[in-house]
Amino acid sequence: MFSRAYRAAITLPPLLWVAVFLLVPYALLLCYSFWSVSTSQTIVHSWTLDNYRELFRVNVYLQTLFRSMWVAARVMIFSLLLGYPLAYYLSFYAGARKDLFYQLVIIPLWVSYLVRAYAWKTILGSDGVLNTLLQYVHLTKHPLEFLLYSPFAVVLTLTHIYTPFAVLPIYAALEHIPRNLVEASHDLGASPSQTFWRVIFPLSIPGVLAGATFAFVLSLGDFLAPLLLGGPSGIMISNIVVSLFGAAYNWPLGAAISLCMLLLVVSLLTFSEKLEKKWSFR
Amino acid sequence: MATISEPVIRSAKSGVRALLDIRNVAKSFGTNPVLRDISLQIAEGEFLTILGESGSGKTTLLRIIAGFESANSGEILMEGERLDLLPPYRRRVNTVFQHYALFPHLTVQENVGYGLRVAKLPKDEIATRVSEALAMVKMSAFANSKPGKISGGQQQRIALARALVNRPRLLLLDEPLSALDANLRRQMQVELKSLQREVGISFVFVTHDQEEAMVMSDRIALLRMGELEQVASPREIYSRPATAYTAQFIGHTNLLRGEIKAGVARCNSLSWRVGLPEGPALFSLRPENIRIVNSETGPDIDVVSFRGRIRHQAFHGATELLQVLCDDGLTLSVRAATRETRQGELHLEFSPADAVLVRESPERG
Amino acid sequence: MELPMSARRASRWLPWHAIAVFAFLYLPIVTLIVYSFNGAGVGGFPPRNLTLDWYRMLFADDAIWESVLNSLIVAFAAMAISLTFGIPAALALDRANFPGKALFRRLVLLPLILPGIITGLSLSILFHDSHVKLSMLTIVLGHGTALISVATTEVFAGLQKLDRAQEEASLDLGANYWQTFWRVTIPNLRLSIIGAALLIFTLSMDEIAVSFFLIGRDNTLPLEIWGRLRRGITPEINAISTIIFIFSLMAIVSWYRLRMNAEKRGLAM
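Keep in mind the model is a prediction, meaning the values are calculated, not measured.

Undergrad: Lay out the overall build of chain C with the relevant residues and their values.
TA: The secondary structure content of chain C amounts to 13 helices and zero strands. Seen through its principal axes, chain C has C-alpha atoms that stretch 70 × 70 × 30 Å. A total of 269 residues make up chain C; the buried ones form 45% of that total. Put simply, 78% of the contacts in chain C that link residues at least 6 apart link residues at least 24 apart.

Structure, rendered in C-alpha cells:
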C-alpha cells in the first residue's frame, strides 16, 4: 500500500540518526575496550586484550559485578513479591476504582528518581525520620546504623523505584486473561486458590518475566542509589565505570566493563524474550 | 403455568423428586430487575431449553444455577439439597460456555482432564475417562493440540467433553452454537441432541433462537423480561401458545383482535362459534393454518371463509409466505406451497379450532 | 470484569497488602512534602515549627532557577528530536520491510532498558573523538537519542490501534501519501504523540545518567540538585522536590484525563 518514497521517508531519517548516535558510539565503545591508556593520560590506540584480562585478574571487578547482580536479584524478587499481589488486586478486585488505583501506581514513576532516592536518605539516616521515630516511641535507644550507607539501603530504595515497573506489565497480562476462564475453572471444581495456580498465574507469566527483567536489568546498571545511599559496602558496578571515566581516568577499562554489561543485558533480554514467547498463548 | 411434560410426569408418578427445583428466584442488578419470581423444575434426563430475547434474563438464570451469580431471593434445590448455598466449584453442575473458555495454555487433553485433576483422581482413571470423552465428541485425533490451533466447531466439542467428563448431574449450555455458521450449527444441534440421549444427563440449554429450541428440546421455558411466559413441550408451545408474545416469538402468527359475545367470536368481518366466556379476545392463527381454496365454499360452521388480494409474496423454498389484504382491511400472513404465480383475488378459509385464544402480554417495567 | 462472587470471599489479606504497598510507594514523597515545611530542618521526628522559610530560600536561589531554565530548554529540544525521529521510526517498524530491520528495532529500543550510563558514556566518547565540546547541545543530543525509544514505543502502540481502513479510504478518495499522513495518520496518533511528549518531557527533566557524561558548563536541574547533595542535605532540596512532585502530578493527571476523554469519545489512541 505504501509507495517506496513514503517508506524511504519514514525509514531513512531515524535510521541515520540511530546509526550516528547509537551505532557509532557503541562501536567506539567496542574499540576503546581494546585500547589502553598511557601513563601520561592519553589514549593509546593499539589493540590489546589487556583490559579484559584485567577484569578477570583483579578481584574487585568480578566481586563488584556479582554483588551488583545479587542486589539486582533481591530487588527483582522483592519487586515481584510486592508488585504481583498489587497487580492482582487491581485487576480482579478493584472494580470501579481500578483506574484510580492504576494512576496511583503510575504517579510515583513520574516523580523524579533523584527526589525519591534523596527522600529515602532523609528517612533512613541516623538523624532521619525513621530513626528518630523509633527512638521517639522508645522502640530503640540508639539510631540503627545499618539503615543507611549499606546494601540494605540500596536494595530498599531500588525496590521502591522499580516496584511500579514490575506492577505494570503484570497488570497488563492479568487484564488480558478472559474472565470466563476463571469461571470455567470454578465450574470444573477448582477452588479460587487452585484456579490461581492452575490458570491465572501461568497465563500471567509473560508479564511477570517482563517485570522481572525490567527490575533486574535497571537495578544492575544503577549508579545513583549506591552513590547516595550505598556507602563503601554498597558500591555497584556502574559506580566503578563512572569513576573510570572520571577521576580514575581509564577509559579503555571502563569501556571494557561497559561492554561486558551491555552484553550481559542483551543476553538477559534475549533469554527473557524467548521465555516470554514460550509462555505466551495468544 | 408450566405444562407438565413426559419426564416430569414419569418422575411425579414414581415419586422421585425433580432433579433441580428452582423456587421463586429473583435477581436485580442494582435497581434493574433481571429475574422476577422464577419457579421451574427440571427432571432427570430431560433436555430443557431456556428461550428468550437478549435482556430476558436467560443467561442470568443459567449463571445463577451454575453459581456465578447469586439470587437476591428464592432458593434452588438439587435432589432435595440447597444448591444455591454452594460455591460453583462444589456443585455437581458443569457449564459449556458461550465462547468455550478453553484454557489456552493447556492441550486439548489437559483441558478435558482439568476437572478430574483438580478432584485428584488417580492418573490412569483420568487418562481413561479423558480418552472416552474425546472419542464421544470425535476429537481423539486432537488430543495433543492446543486450543488456539483448532476451529470454533472443534473447540465447542472440546468444551463439551471437558464438561461431560466430570459426569455432572446437570449440564448447562450457554448459547454454545451461536458462534457457528448455519450448516455447522444444524449439524451440532442433531449431535447434541443424540449425545444427550446417549449420556442421559439433564441438559439446560440457553438460546435466543426459537427454531433451535424447537428442534432440540423436550421442553421449552420461554422467558420474557425476567418472567416465565410459558413452559411446555415444543409441540404444545407451538400449537397452544398461552400468550400473544409466545405466539409471535415462536414461529409466525397472525393476531386477531376481537370480541366474544353470546358464544360467537367476532374479529372484524370474521366470525365463528366458540365455547368461551364473553369479553374482548385475542386469537393466534398460524399462517399455515389458513388454506387457499378454489372457490368459495358454502356457509359451513366448521370453516371460516373470506376473500383477499395478495399484497406481497416471499419465497421460502418449499413454501412461500403471502401477505393478503382482506376485504375488511385486515392483513394476514398465509403460508402456502410454492406456486409460480398467484392471481389477484383468493378464497381463503381456516378452521375455528386453529384460532387459539391467547392472553395479552403485559408491559413490564 | 470482576471475579465471580464465589472467589471474593477467598482473599482478605489482598486489600491490606495493596494498602501497605501504596504506603511504601508514597512514604518518601509524603515525608518530603511534610518536611519541606519543617522548621527544624531535614530529620527528626516529629516535624515541628511549620515554616515557609525553605521555600523562600529556594526562590531566592538563582543557581537553581538557572538550572531549571536549562532543563526546560533541554526538555523541549529533546522532545522535538525524539518525536521527529521516533514517529517515523514507529511507522517504519510498523509498515516497512528493509534489511537490518531487526537490528534497527533492537537498537532503537536498547536505551530504554540499558543502564543510562552506557548510553551516556558512549556518546561522550563520540563527542570526545569528534572534538565536540560538551555543552547544552551535547546534552540535548544525548536526551533526544535516549528518548527516541519512548516516542517509538508509544506511537507504535497507537499504530496498532489505528484502523488501516481509514488510511485506505483517504487514498481511495484521492489524497496522496503525504496528505494522508498529515490529514489522517497524525490526527489519529494525536493521543499517542501527546502521551509520548509528556513522558519524554518528564523523563528529560529528571534525567541524570546520560547527562552526567555530557555536561558542560551549564547544569540541568537534577545535576544541580545532585551537586548540592554531595555537599550535604539542605531542606531547600525538600522544597524543590515538593515542587517537582506537584508538577509531575499535574502532568500525569492531565495526560490521564486526556486519554480517558478520548477513549470515551471512541478515538483511536
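Undergrad: Can you tell me about the overall build of chain B, naming the residues and giving the values?
TA: Across its full length, chain B holds ten helices and 20 strands. The principal-axis extents of the C-alpha atoms in chain B amount to approximately 80 × 45 × 45 Å. The 365 residues of chain B split such that 42% are buried. In chain B, the share of contacts with a sequence separation of at least 24, taken over all contacts with a separation of at least 6, comes to 64%.

Undergrad: Explain the pairing of strand 4 (residues 73–78) of chain B residue by residue, including any values.
TA: Residues and elements named next belong to chain B. Pairing between strand 1 (residues 20–29) and strand 4: five bridges, direction antiparallel. Note that in strand 4 the partner of R23 across the bridge is E75. Pairing geometry for strand 4 and strand 5 (residues 81–82), over two bridges, is antiparallel. Bridge assignment links M78 to a residue of strand 5, and that residue is E81.

Undergrad: Go over the domain arrangement of chain B with me, naming the residues and quoting the values.
TA: A common way to state how big an interface is: give the accessible area lost once the parts meet. With domains assigned, chain B is organised as domain 1 (6–247) and domain 2 (256–357). Taking only C-alpha atoms, the centre of domain 1 of chain B and the centre of domain 2 of chain B are 40 Å apart.

Undergrad: Any chance you could break down the environment of I208 of chain C for me, citing the residues and the numbers?
TA: Locating I208 of chain C in the fold gives a position in the loop between helix 10 (190–206) and helix 11 (209–214). On the basis of neighbour counts, which here come to 22 C-beta atoms within 10 Å, the residue I208 of chain C falls in the buried class. Taking C-alpha positions, I208 of chain C is 8.8 Å from W226 of chain C, a pair spaced 18 residues apart along the chain. Not counting the four nearest positions on each side in its chain, I208 of chain C is found in contact with L114 and L224 of chain A together with P222, L223 and W226 of chain C.

Undergrad: Can you explain the pairing of strand 16 (residues 304–315) of chain B? Please cite residues and give values.
TA: Each regular strand shows side chains that alternate between the opposite faces of the sheet. All names here are of chain B. Taken together, the six bridges between strand 16 and strand 19 (residues 345–350) define a ladder with antiparallel strand orientation. Bridging from a neighbouring strand, V304 pairs with F350 of strand 19. Between strand 16 and strand 17 (residues 319–326), which follow one another and run antiparallel, lie three residues, and G317 among them has a positive phi close to 95 degrees.

Undergrad: So what about the interface of chain C and chain A? Which residues, and what values?
TA: On the chain A side, the residues contacting the 70 residues of chain C number 78 residues. Here the side of chain C that touches chain A is composed, by residue class, of 55 nonpolar, ten polar and five charged.

Undergrad: Report on the sheet that holds strand 14 (residues 279–285) of chain B, specifying residues and quantitative values.
TA: Residue and element names in this part refer to chain B. The sheet built from five strands is open, its strands ordered 13-12-11-14-20 with antiparallel pairing. A strand with exactly one partner marks an edge of an open sheet, and here the two such strands are strand 13 (270–273) and strand 20 (356–357). As paired strands, strand 11 (residues 254–261) and strand 12 (residues 264–267) are joined by three bridges and run antiparallel to one another. Paired with I260 across the strands is A265, a residue of strand 12.

Undergrad: Can you break down helix 13 (residues 235–264) of chain C residue by residue, with the values?
TA: Structural remark: α-helix, 3.6 residues per turn; residues separated by three or four positions point the same way. In this model, helix 13 of chain C (30 residues) spans 44 Å end to end at C-alpha, consistent with the 44 Å of a helix rising 1.5 Å per residue. Among the residues of helix 13 of chain C, those classed as buried are P235, E236, I237, N238, A239, I240, S241, T242, I244, F245, S248 and W255 of chain C.

Undergrad: Lay out the confidence of the model for chain C with the relevant residues and their values.
TA: Summing up the model confidence of chain C, the mean pLDDT is 83 and the portion of residues at 70 or higher is 91%. Two summary scores accompany this predicted model of the complex, namely pTM at 0.84 and ipTM at 0.87.

Undergrad: Would you mind going over the sheet that holds strand 1 of chain B in detail, with residue names and values included?
TA: Residues and elements named next belong to chain B. Sheet architecture is open: four strands sit in the order 2-1-4-5, paired in antiparallel fashion. Across the chains shown, the open sheet's two edge strands, defined by having one partner strand only, are strand 2 (32–42) and strand 5. Strands strand 1, strand 2 and strand 4 of the sheet are contacted by helix 2 (residues 58–66), whose axis makes an angle of about 60 degrees with strand 2.

Undergrad: Pulling in residues and values, what's your account of unusual backbone geometry?
TA: All names here are of chain B. Residues other than glycine seldom take positive phi values, yet R167 does so here, at roughly 50 degrees. Relative to the helices and strands, R167 is located in the loop between helix 6 (152–164) and strand 7 (170–174). The phi dihedral of E175 falls on the positive side, at around 40 degrees, and the residue is not glycine. Structurally, E175 can be placed in the loop between strand 7 and helix 7 (182–199).

Undergrad: Tell me about helix 4 (residues 98–110) of chain A, and please be specific about residues and values.
TA: Over its 13 residues, helix 4 of chain A extends 19 Å from the first C-alpha to the last, a length consistent with the 18 Å expected when each residue adds 1.5 Å. If you check which residues of helix 4 of chain A are buried, you get V105, I107, P108, L109 and W110 of chain A. The secondary structure elements touched by the buried residues of helix 4 of chain A are helix 7 (151–175) of chain A together with helix 2 (14–35), helix 10 and helix 13 of chain C.

Undergrad: Tell me about the packing of helix 3 (residues 59–92) of chain A against helix 9 (residues 192–220) of chain A, residues and numbers included.
TA: Residues and elements named next belong to chain A. Helix 9 packs onto helix 3 with a crossing angle of 145 degrees between their chain directions and a minimal axis gap of 8 Å. Note on packing geometry: the crossing formed by helix 3 with helix 9 is right-handed. Along the contact surface, helix 3 presents S68, M69, V71, A72, A73, V75, M76, S79, L80, G83 and Y84, while helix 9 presents V208, G211, A212, A215, F216, S219 and L220. Class assignment of the residues belonging to the contact of helix 3 with helix 9 gives a composition of 13 nonpolar, five polar and no charged.

Undergrad: Tell me about the packing of helix 2 of chain C against helix 13 of chain C, and please be specific about residues and values.
TA: Residues and elements named next belong to chain C. Here helix 2 crosses helix 13 at 120 degrees, and the two axes come no closer than 8 Å. As far as their axial angle goes, helix 13 and helix 2 are oblique. The two elements helix 2 and helix 13 cross, and the hand of that crossing is left-handed. Together, I29, L32, I33 and Y35 of helix 2 and P235, N238, S241, T242 and F245 of helix 13 make up the contact between the two elements. Taken together, the residues of the contact of helix 2 with helix 13 break down into six nonpolar, three polar and no charged.

Undergrad: If you had to explain the environment of R48 of chain C to someone new, which residues and values would you point to?
TA: Residues and elements named next belong to chain C. Within the secondary structure layout, R48 lies in the loop between helix 2 and helix 3 (53–60). On the neighbour-count criterion, R48 (10 C-beta atoms within 10 Å) is exposed. Separated by 116 residues in sequence, R48 and R164 have C-alpha atoms that sit 61 Å apart.

Undergrad: Give me the lowdown on the environment of E278 of chain B, citing residues and values where you can.
TA: Structurally, E278 of chain B is set in the loop between strand 13 and strand 14. Residue contacts for E278 of chain B: discarding those within four places in its chain leaves I260 and K261 of chain B.

Undergrad: Now, about the confidence of the model for chain B: what can you tell me, with residues and values included?
TA: Residues of chain B with pLDDT of at least 70 account for 93%, and the chain-wide mean is 89. When the criterion is pLDDT under 50, residues 1–14 of chain B qualifies, and its contacts beyond four places in sequence or with other chains add up to 24 contacts.

The rules behind these values
- Residues numbered from 1 in each chain as written.
- Chains lettered and ligands numbered in written order.
- Predicted model: local features only at pLDDT ≥ 70, side-chain atom pairs only at ≥ 80, totals over all residues.
- Helix = DSSP H or I, 4+ residues; strand = E, 2+ residues; numbered from the N terminus.
- Buried ≥ 20, exposed ≤ 12 C-beta atoms within 10 Å, placed from the backbone.
- Contact = placed C-beta atoms within 7 Å.
- Pairing = 2+ DSSP bridges.
- Domains from an automatic or database assignment.
- Nonpolar A, V, L, I, M, F, W, Y, C, P; charged D, E, K, R; others polar.
- Expected span 1.5 Å × (residues − 1).
- pLDDT = per-residue confidence, 0-100.
- Axes fitted to C-alpha atoms, helices over the stretch in contact; angles between N-to-C directions.
- Left-handed = near helix turned anticlockwise from the far one by under 90°.
- Parallel < 35°, antiparallel > 145°, perpendicular 65-115°, else oblique.

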